[in-house]
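Architecture at a glance
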Amino acid sequence: MVKKTARASHGTPAVVALERAGVPHTLHPYEHDPSSDLSYGMEAAEAIGVDAPQVFKTLLADVDGKLVVGIVPVDGKLDLKALARAAGGKKAAMAEPAAAERATGYVVGGISPLGQKTRHLTVLDESAEAYDVVYVSGGRRGLDIGLAPSDLLTLTAGRTAPIARD
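Just so we're clear, the structure is a prediction, and the values are computed from it rather than from any experiment.

Here's the deal with unusual backbone geometry
Positive phi, close to 50°, is recorded for D64, a residue that is not glycine. Mapped onto the secondary structure, D64 falls in the loop between β2 (56-63) and β3 (66-73). Accessibility expressed as a relative area gives 47% for D64, which makes it partly exposed. Here the phi dihedral of A157 falls at roughly 55°; this positive angle occurs in a residue that is not glycine. Assignment of secondary structure puts A157 in the loop between α5 (149-156) and β9 (159-161).

Structural data, given as structure tokens:
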């Protein structure tokens, strides 16, 4: 299921983690447009030709002093109270972008839930279970990865919960 493209290497830590684990996946590179009015996730959905609810963004939040990864559809928002509950905490706030970059090794707009520098508790919105394949950042702006939600949960040791809102 690995889709080879003209670009020789997509060797981000996310792609390396998938390849090492032998997880079936597809790579979806696209030209990131820094002048786009779309959010990174909506730009990715449009560029790879997938409906926005099937494309997920990776966000980091501080839950009671610990960073937690929340993965929600790009056309929705992270419900911080729901994420705190899912993580067994009381209060959540979005992590500062610089802290998210340091903790993951990725830049904002290209943060992948896979291959992060440090493993964090990961919660995937339960809407992902409606799809055979979901799309997440491949570890840089302009690269998305398609994989089964169950594989995403296995590789991140994650769990599902209702953490998205409109």
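Focus on the environment of A130
Checked against the element boundaries, A130 lands in the loop between β6 (121-125) and β7 (134-140). By relative accessible area, which is 68% here, A130 ends up exposed. For the pair A130 and Q54, spaced 76 residues apart in sequence, the C-alpha to C-alpha distance is 8.9 Å.

Describing the layout of surface pockets
By volume, the largest pocket amounts to about 440 Å³. Residue lining of the largest pocket: 26 residues in total, with Y40, K57, T58, L59 and G109 positioned closest to the centre. Those elements giving two or more residues to the lining of the largest pocket turn out to be α2 (40-48), β2, α4 (97-104) and β7. Among the elements that line the lining of the largest pocket, the one with the most residues is β2, at 5 residues. Its residues placed into classes, the lining of the largest pocket shows 15 nonpolar, 6 polar and 5 charged. For the second largest pocket, the calculated volume is near 170 Å³. Taken together, A17, P113, L114, G115, Q116, T118, R119, H120, T122, L155 and T156 make up the full set of residues lining the second largest pocket. The class makeup of the residues in the lining of the second largest pocket is 4 nonpolar, 6 polar and 1 charged.

About the cut-offs
- Residues numbered from 1 in each chain as written.
- Predicted model: local features only at pLDDT ≥ 70, side-chain atom pairs only at ≥ 80, totals over all residues.
- Heavy atoms only, no water.
- Helix = DSSP H or I, 4+ residues; strand = E, 2+ residues; numbered from the N terminus.
- Buried < 20%, exposed > 50% of the residue type's maximum accessible area, 1.4 Å probe, protein only.
- 1 Å grid on protein atoms, 1.4 Å probe; cavity = no way out; pocket = protein on both sides within 12 Å on 5 of 7 lines; lining within 4 Å.
- Points joined across faces, edges and corners; volume = space filled by probe spheres on them.
- Nonpolar A, V, L, I, M, F, W, Y, C, P; charged D, E, K, R; others polar.

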